[in-house]
Amino acid sequence: MAGFSLSDLERIIGERALSEDGSSWTAKLYRSGMERAAKKMGEEAVETVIAAVKGDDAALVSESADLLYHWLVVMKVAGLPLADVMAELERRTAQSGIAEKASRKQD
C-alpha cells in the first residue's frame, strides 16, 4: 500500500462518517461528537507514547495508525480539512524551529 496517503484516509473517513452503516465505527464516533472523538484521540496518543517508550516497534506502528485515524476523525468533527494542517506545516518549514516557537504567542 505504498500509494496510500493521509489524504486517502481523510476521504475514507469523510465518506464513512456520513454513512448510515450501523456497523461503521467511524460513523458512530463521528455522530458521538467532539468530546468522544477527542477522548479517543487522547487515548491513542497515550498508547502511542507508551509503545515508543517501551521501544516496541510493532506496537508503535499500530498505535500511530490508530492515532492518525482518530486525529482525522477529530478534524472531520471540527470541520477542518487536512489541507489546513499541511499548509501550517509548510508555513513552518520556511523558518527554523526555534524561530517558529519564538513567534508563537506566550500563554
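What you are looking at is a predicted structure, and each value in this text was computed from that prediction instead of being measured. (Residues numbered from 1 in each chain as written. Predicted model: local features only at pLDDT ≥ 70, side-chain atom pairs only at ≥ 80, totals over all residues. Heavy atoms only, no water.)

**Q** What is the right way to look at the side chain of Glu44 in this model?
**A** Turning to its location among the elements, Glu44 is positioned in helix 3 (residues 34-54). No salt bridge is formed by the buried Glu44. Its closest oppositely charged neighbour is Lys40, at 4.2 Å. If we skip the residues at most four places from it in the chain, Glu44 touches Glu63, Asp66, Leu67 and His70. (Helix = DSSP H or I, 4+ residues; strand = E, 2+ residues; numbered from the N terminus. Buried < 20%, exposed > 50% of the residue type's maximum accessible area, 1.4 Å probe, protein only. Lys, Arg positive; Asp, Glu negative; His and termini not counted. Salt bridge = Lys/Arg side-chain N within 4 Å of Asp/Glu carboxyl O. Contact = heavy atoms within 4.5 Å.)

**Q** Mind showing me how you'd approach the environment of Glu35 here?
**A** Among the secondary structure elements, Glu35 is positioned in helix 3. By relative accessible area, which is 71% here, Glu35 ends up exposed. Expressed as a C-alpha distance, the spacing of Glu35 and Val74, which sit 39 residues apart in the sequence, is 9.2 Å.

**Q** Any chance you could explain the nonpolar core here in plain terms?
**A** Looking at soluble globular proteins, one finds that nonpolar side chains tend to be buried together. Leu9, Ile13, Leu29, Ala37, Tyr69, Trp71, Leu72, Val73, Val74, Met75 and Leu82 form the largest nonpolar core, which has eleven residues in total. Top element by residues in this core is helix 4 (residues 57-78). It accounts for six residues. Aside from chain neighbours lying at most four places away, what touches Val73 is Ile13, Leu29 and Ala37. (Core = buried A, V, L, I, M, F, W, Y, C linked by side-chain atoms within 4.5 Å.)

**Q** Any chance you could explain the side chain of Ser24 here in plain terms?
**A** Locating Ser24 in the fold gives a position in the loop between helix 1 (6-17) and helix 2 (25-32). Apart from the residues within four sequence positions on either side, Ser24 is in contact with Arg16 and Ser19.

**Q** Explain the packing of helix 1 against helix 2 to me, please; I cannot follow it from the model alone.
**A** Helix packing for two helices is described by the angle between their axes and how far apart those axes are. Their axes nearest at 8 Å, the elements helix 1 and helix 2 cross at an angle of 75°. Relative to helix 2, the element helix 1 lies roughly perpendicular. Each of Ile13, Arg16 and Ala17 in helix 1 lies in contact with helix 2, whose residues at this interface are Thr26, Ala27 and Tyr30. Split into classes, the residues belonging to the contact of helix 1 with helix 2 amount to four nonpolar, one polar and one charged. (Axes fitted to C-alpha atoms, helices over the stretch in contact; angles between N-to-C directions. Parallel < 35°, antiparallel > 145°, perpendicular 65-115°, else oblique. Nonpolar A, V, L, I, M, F, W, Y, C, P; charged D, E, K, R; others polar.)

**Q** Hey, could you run me through the packing of helix 1 against helix 4 in this one?
**A** Here helix 1 crosses helix 4 at 55°, and the two axes come no closer than 10 Å. Taken together, the axis directions place helix 1 and helix 4 in an arrangement best described as oblique. Considering the relative orientation of helix 1 and helix 4, their crossing is right-handed. Of the residues in helix 4, those touching helix 1 at Leu6, Leu9, Glu10, Ile13, Gly14 and Ala17 are Leu68, Tyr69, Leu72, Val73 and Lys76. (Left-handed = near helix turned anticlockwise from the far one by under 90°.)

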